[in-house]
Amino acid sequence: MTGKLNLDPALVARARELARLAGQPVTDLARTHTTVSVERAVLRLAGLDGADEDGMPWVNRLTDAVRESVGLEHGVALPAWDALLTGGYPDLRTLAVDAGSGLVKFRLPMGADADAARESAARSVRKGLDRIDAQRAERDRMVAATSDPPMPWIYLIVATGDIYEDIPQAQAAAREGADVIAVIRSTGQSLLDYVPEGATREGYAGTYATRENFRLMRGALDDVSRELGRYVRLTNYASGLCMPEIAALAGLERLDMMLNDCMYGIIFRDINPVRTFIDQRFSRQVHARAGIVINTGEDNYLTTADAVDAAHTVVVSQLLNEYFGREAGLADGQLGLGHAFEINPDVPDSFLLELAHAQLIRELFPDAPLKYMPPTKHMTGNVFAGYLLDAFFNLAGVMTDQSILLIGMMTEGIHTPFLSDRDLALENVRYVRRAAGRLGESFRPEPDGFVAQRARQVLGEAIDLLGRIGSQGLLTAIGEGTFGVTRRPADGGRGLDGVVKQAGGYYNPATEMLEVTS
Amino acid sequence: MSLTGIVRPYGDTTGDGRVQVSFTLPVPFGDEAERARAEGAALQLAGKMGLDPAMVVHAKGMGPDFTFFIVYGRVSHLVDLSAITVAEREFPVLPAAEVNLRVRSALGRKLVVVGACIGTDAHTVGIDAILNVKGHAGEKGLEYYREIRVVNMGAQVGVADLVARAMAEHADAVLVSQVVTQRDAHLTNTREMSAAFHSAFGLDRPLLVVGGPRFDPGAAHDLGVDKIFGRGTTPGEVASYLVHALAAPSGRPGGSGGMASPREGAA
């Protein structure tokens, strides 16, 4: 793409280099630590499913038992597979049941025993990765057999709390034109330190992310994709305390996109920063393998901070998400960096400012499938004004060549969308695409006009902030409230007790295979 | 216009009674017969809503089974302004900036809130919706308020731990969420909690606020707490209540520096 904003390539390179410098220490931290969820994800890849009668997954029971007995400093794999082999267990499930009852004495195997445990663990985990590879190939096959919709993809949300209600709603939305269906999770799932099991019919303002729910919805969307001759993608949310496990389940059940932000859980859910960065890296390695497009959550910053004042924090976060994503093996085409149309419509030139921000991001990340989020903060209940604002959002989206448009509802903040709200929203975006879909090719901001100057100003502010973050350290910056105006110290928040420093001889078969390919 | 008289909706002429409504009916809008039938269905509903005459100005099929309508019409109803009673809330709901301002000017420091789910209740949905920045119903949680310091202890917190933490943090208010109601656990837990605070702090106890979907909002006094919030409460309401109870503007009782008497907030 030829630039429209006259961005200085040296400055853009400088911004990326500063993001790398800021992120590198955190990556080093992630490489030398593990978490309970990373270890549970290893067990999930090895095929351990199901839960005890209280609904606690066997991966949690087994990981907890290993941790109590020998710790997780060497990973769960060595002690677990050693017990599996020496105890003569037929499978991990049987081992987990006994371990949950305190009947298994774990040890850290040495020498030939350790080799045997490593070999057996690697064989089991390999099967999980083989399934992920097969699902990726199946996606390619389905896209070829149906068709890949042109961008921008229309992204719609379903959230009834009941997977069996979600399915017909998602199919209806696809028939109405949705290219991507996102199933919003139950409020608070990100704070659960386990992944619920099975098909679920009750949730709070959303539906639980479970492997079975993933499978049911993907199957239903495959049916409707064949019916429409267009591949309908499925999105869910990896954020929270179980990022690694949910990423594994998403890969195993062929989800197509996953919300996965490097800082969302820290800022908005008070999850411990160290826990988040470790979990994030592993989850992204799995997404990379699965061919899943991540969606980052920068739009959230603008719901707390002012969208003009904090525009540069969005760019900084995107650069960090890009650095962490590439480091974990994601291709640029898998980086669905997020941003949002959240400037107060009372601000003069607000649409020009939105264009400047959206075009800046388009040019900074030319190969990323950018995800553009509609207005929420300034949707007032005046549904008529809201419909107009959504049309301007759609217009900014097509003018600046955004890749994924989350469709705004005029009843945003009032209720979960009515059938008619969704239909009207789609009518809105269809009109804008039909009327102005090619406006981008004629949109040439004056080289030193308001839009171009504003874009360069935001880039400059982002570089300044990245420089400050680099000198004080990313964890300190987060602790001081740099993002989303919320302070999150590195030793605070949920889930820190699930972080373990790796000892010499730490073994994680999944990481070994994922690092090789990334 | 009189505030005690009789009025009708205003379209473009006084007294014309004209309104606009939109709705969806689960009826198909396919062939001509179906379309006529769908419009008839919309007109029937409009008539029962009191629109007479009514006109379907827009009808659109949505999928095979639904039709969306926009209807204009004249309502026959009269609005009697003298018969309106406005339910008075004991406190005004304030924007976040105003909450922060009042805390700053009345307390001269941050207002400290300690929150928890007590007993065996693991449902942190309610307390997190009120406390987390993420918030609820389009409103940011209390963490978002610059002048409120939030300590969220999470789920399954023992009453003794809650009292100790409230003391250590010099809590102005304690927020407790209770979702599980098996064998009235929410009531038992709340009474145990309030008794513990009364005995540990005496009259200087923090404000005690309880929330959950199954509480009777009028039972605060009976349970020994200052305020009960029910289903659908937003963070803004809670923040506004805290300010009302703890940081009243100077000139009002309890607003002159330091902590206001918790009693002031009792419903």
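Here the structure is a predicted model, which means the values were calculated and not measured.

Engineer: I would appreciate a short explanation of the overall build of chain A in the present structure.
Structural biologist: Check the secondary structure of chain A and you find 20 helices and 11 strands. Expressed as lengths along the three principal axes of its C-alpha atoms, the size of chain A is roughly 70 × 55 × 40 Å. Considering chain A as a whole, with its 518 residues, one finds that 56% of them fall into the buried category. Pairs at least 24 residues apart make up 77% of the contacts formed inside chain A by residues separated by at least 6 positions.

Engineer: Please clarify how the interface of chain A and chain B should be interpreted in this entry.
Structural biologist: It is common to give the size of an interface as the accessible area that goes away when the parts come together. With 18 residues of chain A at the interface, the matching set in chain B holds 18 residues. Of all the secondary structure elements, the ones that give two or more residues to the side of chain A that touches chain B are helix H7 (163-175), helix H10 (264-269) and helix H16 (419-436) of chain A. Broken down by class, the residue content of the side of chain A that touches chain B amounts to 7 nonpolar, 7 polar and 4 charged.

Engineer: Looking at this structure, I do not really get the confidence of the model for chain B. What am I missing?
Structural biologist: The predicted structure's coordinates, where accompanied by low pLDDT, should not be read in detail. Residues and elements named next belong to chain B. Per-residue pLDDT for chain B averages 86, and the proportion of residues at 70 or more is 88%. For chain B, the element scoring lowest by mean pLDDT is helix H3 (residues 125-131), at 83; helix H1 (residues 32-48) scores highest, at 98. Within the model, the stretch residues 251-267 combines pLDDT values under 50 with 36 contacts to residues more than four positions away or in other chains.

Engineer: Any chance you could explain the domain arrangement of chain B here in plain terms?
Structural biologist: Domains assigned within chain B are domain 1 (6-82) and domain 2 (96-265). The gap between the C-alpha centroids of domain 1 of chain B and domain 2 of chain B is 46 Å.

Engineer: What's the story with the sheet that holds strand S5 (residues 257-259) of chain A in this structure? I'm lost.
Structural biologist: Within a sheet, each strand pairs with its neighbour through backbone hydrogen bonds, oriented either parallel or antiparallel. Residues and elements named next belong to chain A. Sheet architecture is open: 9 strands sit in the order S7-S6-S5-S4-S3-S2-S10-S9-S8, paired in parallel fashion. Two strands in the sheet have a free side with no partner beyond their single neighbour: strand S7 (335-336) and strand S8 (338-340). Sheet topology places S5 next to strand S6 (residues 293-295); 3 bridges connect them, and they run parallel. Along S6, the bridge assignment pairs Met257 with Val293.

Engineer: Explanation requested: the sheet that holds strand S4 (residues 66-75) of chain B in the structure shown.
Structural biologist: All names here are of chain B. Within the open sheet, the 3 strands sit side by side as S2-S4-S3. Their pairing is antiparallel. Looking at the sheet topology across the chains shown, the edges are occupied by strand S2 (18-25) and strand S3 (51-62). If you compare each strand with its neighbour and ignore which way they point, the axes differ by 20° on average. Note: S2 against S4, 8 bridges, orientation antiparallel. Each bridged residue has a counterpart across the sheet, and for Val19 the counterpart in S4 is Gly73. Along the sheet face, H1 touches S2, S3 and S4 and points at about 140° away from the line of S3.

Engineer: Explain the domain arrangement of chain A here, please?
Structural biologist: Its domain assignment divides chain A into domain 1 (33-126) and domain 2 (374-437). One C-alpha centre belongs to domain 1 of chain A, the other to domain 2 of chain A; they are set 48 Å apart.

Engineer: So what exactly am I meant to see when it comes to the environment of Ala155(B) here?
Structural biologist: Residues and elements named next belong to chain B. Looking at the element boundaries, Ala155 is found in the loop between strand S7 (148-152) and helix H4 (159-168). Classification of Ala155 by C-beta neighbours within 10 Å gives partly exposed; the count is 17. Expressed as a C-alpha distance, the spacing of Ala155 and Val125, which sit 30 residues apart in the sequence, is 9.8 Å.

Engineer: Looking at this model, I keep getting lost on the packing of helix H9 (residues 243-252) of chain A against helix H11 (residues 273-290) of chain A. Mind explaining?
Structural biologist: Axis angle and axis distance: for two packed helices, these are the angle between their axes and the distance between the axes, and together they describe the pair. Residues and elements named next belong to chain A. Between H9 and H11, whose axes approach to 8 Å, the crossing angle comes to 10°. Taken together, the axis directions place H9 and H11 in an arrangement best described as roughly parallel. Contacts between H9 and H11 pair Met243, Pro244, Ala247, Ala248, Ala250 and Gly251 from the former with Asp279, Gln280, Phe282, Ser283, Val286, His287, Arg289 and Ala290 from the latter. Looking at the contact of H9 with H11, its residues break down into 8 nonpolar, 4 polar and 2 charged.

Engineer: It is not clear to me how the packing of helix H2 (residues 96-107) of chain B against helix H7 (residues 235-246) of chain B should be interpreted in this structure. Could you clarify?
Structural biologist: All names here are of chain B. Where H2 meets H7, the closest approach of the two axes is 10 Å, and the angle between their N-to-C directions is 25°. Classified by the angle between their axes, H2 and H7 sit roughly parallel to one another. When the axes of H2 and H7 are compared, the crossing they make is left-handed. Residue-level contacts link Val99, Arg102 and Val103 of H2 to Ala239, Ser240 and Val243 of H7. Class assignment of the residues belonging to the contact of H2 with H7 gives a composition of 4 nonpolar, 1 polar and 1 charged.

Engineer: Before we go on, may I ask you to explain the environment of Val210(B) in this structure?
Structural biologist: Residue and element names in this part refer to chain B. Positionally, Val210 belongs in strand S9 (residues 207-211). You can call Val210 buried: it has 27 C-beta atoms within 10 Å. Distance in space between the C-alpha atoms of Val210 and Gln178 is 7.5 Å, their sequence separation being 32 residues.

What counts, and where the lines are drawn
- Residues numbered from 1 in each chain as written.
- Chains lettered and ligands numbered in written order.
- Predicted model: local features only at pLDDT ≥ 70, side-chain atom pairs only at ≥ 80, totals over all residues.
- Helix = DSSP H or I, 4+ residues; strand = E, 2+ residues; numbered from the N terminus.
- Buried ≥ 20, exposed ≤ 12 C-beta atoms within 10 Å, placed from the backbone.
- Contact = placed C-beta atoms within 7 Å.
- Nonpolar A, V, L, I, M, F, W, Y, C, P; charged D, E, K, R; others polar.
- pLDDT = per-residue confidence, 0-100.
- Domains from an automatic or database assignment.
- Pairing = 2+ DSSP bridges.
- Axes fitted to C-alpha atoms, helices over the stretch in contact; angles between N-to-C directions.
- Parallel < 35°, antiparallel > 145°, perpendicular 65-115°, else oblique.
- Left-handed = near helix turned anticlockwise from the far one by under 90°.

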